[in-house]
Amino acid sequence: AQSVTQLDSHVSVSEGTPVLLRCNYSSSYSPSLFWYVQHPNKGLQLLLKYTSAATLVKGINGFEAEFKKSETSFHLTKPSAHMSDAAEYFCVVSVFEGGSQGNLIFGKGTKLSVKP
Amino acid sequence: DVKVTQSSRYLVKRTGEKVFLECVQDMDHENMFWYRQDPGLGLRLIYFSYDVKMKEKGDIPEGYSVSREKKERFSLILESASTNQTSMYLCASSPGQGWNQPQHFGDGTRLSIL
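Residues numbered from 1 in each chain as written. Chains lettered and ligands numbered in written order. Predicted model: local features only at pLDDT ≥ 70, side-chain atom pairs only at ≥ 80, totals over all residues. Heavy atoms only, no water.

### Quick word on the nonpolar core
Soluble globular proteins tend to pack their nonpolar side chains together in the buried interior.
Phase 1 of the analysis: In this structure, Trp-35, Phe-74, Leu-76 and Tyr-89 of chain A are the most contacted members of the largest nonpolar core, which totals 26 residues.
Phase 2 of the analysis: Residue contributions to this core peak at four residues, all from strand E10 (residues 87–98) of chain A.
Phase 3 of the analysis: Ignoring sequence-local partners within four residues, the contact set of Tyr-89 of chain A consists of Gln-6, Leu-21, Trp-35, Tyr-36, Val-37, Leu-47, Phe-63, Leu-76, Gly-109, Thr-110 and Leu-112 of chain A.
Phase 4 of the analysis: Residues Met-32, Phe-74, Ala-81 and Cys-91 of chain B belong to the second largest nonpolar core, which totals 20 residues. (Core = buried A, V, L, I, M, F, W, Y, C linked by side-chain atoms within 4.5 Å. Buried < 20%, exposed > 50% of the residue type's maximum accessible area, 1.4 Å probe, protein only. Helix = DSSP H or I, 4+ residues; strand = E, 2+ residues; numbered from the N terminus. Contact = heavy atoms within 4.5 Å.)

### With respect to the packing of aromatic side chains
Phase 1 of the analysis: With the rule as written, the count across this model stands at 14 aromatic pairs over all chains.
Phase 2 of the analysis: An angle of 25 degrees between the planes, with centres 6.4 Å apart, marks the rings of Phe-33 of chain B and Tyr-35 of chain B as stacked. Pair check on accessibility: Phe-33 of chain B and Tyr-35 of chain B agree, each one buried.
Phase 3 of the analysis: By the ring-pair criterion, three or more aromatic residues cluster together here, those being Phe-34, Tyr-36 and Phe-106 of chain A together with Phe-33, Tyr-35, Phe-48, Tyr-50 and Phe-105 of chain B. (Phe/Tyr/Trp six-rings, centres within 6.5 Å; stacked < 30°, edge-to-face > 60°.)

### Topic: empty space enclosed by the protein
Phase 1 of the analysis: One pass over the full model with this rule turns up two cavities of 30 Å³ or more.
Phase 2 of the analysis: There is about 30 Å³ of room inside the second largest cavity.
Phase 3 of the analysis: In this structure, the second largest cavity is lined by Asn-41 of chain A together with Arg-9, Tyr-10, Met-88, Asp-107, Gly-108, Thr-109 and Arg-110 of chain B.
Phase 4 of the analysis: Its residues assigned to classes, the lining of the second largest cavity comprises two nonpolar, three polar and three charged. (1 Å grid on protein atoms, 1.4 Å probe; cavity = no way out; pocket = protein on both sides within 12 Å on 5 of 7 lines; lining within 4 Å. Points joined across faces, edges and corners; volume = space filled by probe spheres on them. Nonpolar A, V, L, I, M, F, W, Y, C, P; charged D, E, K, R; others polar.)

Printed below as a string of structure tokens:
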């Protein structure tokens, strides 16, 4: 069965320091993986996606993620945190339902706090 | 850019009322989805639709129904609202080509049932 686990429910960093948000997945198929960000009282915005091309994926706002099949991981990183990065982040795996249909399985989310 | 618009940002209704949440997307996407989001539980799929007049149950369909009469519009209906349906509701859409397409989300409707 497919699943996704975000290893930290809350991460706190200082502005200007690196960000690491950890995600492990389980999938019977070669997975498609996504990271979304949600700012308070807003919907989810797609940060980046992995769909079996390059294993290092660059997204918006300076974020990137590396797909590591041997470790079944898809961790999200950013070299230098900004105050505006404070939000909740969701790791998501796409589940094959048959034919051309699929659904998404969401991790429980990681709240990122950025201290001045 | 894909635009998914939910008709209300905040809504307050009473127990027993019939509640309609509307969602419209402007990118001709085949697939549309309704989720609810609760603290500690993450996002849970209520219903989805792969085509006009088609609907599929998600993980928590009880107490809800949906309607998709036009491709761009997907409505979520609470037949008789209850307090445990107080939540943030998120609508999403995705293109029909391929099973691994990302979904595009609206800004959500925060629904309170009193």
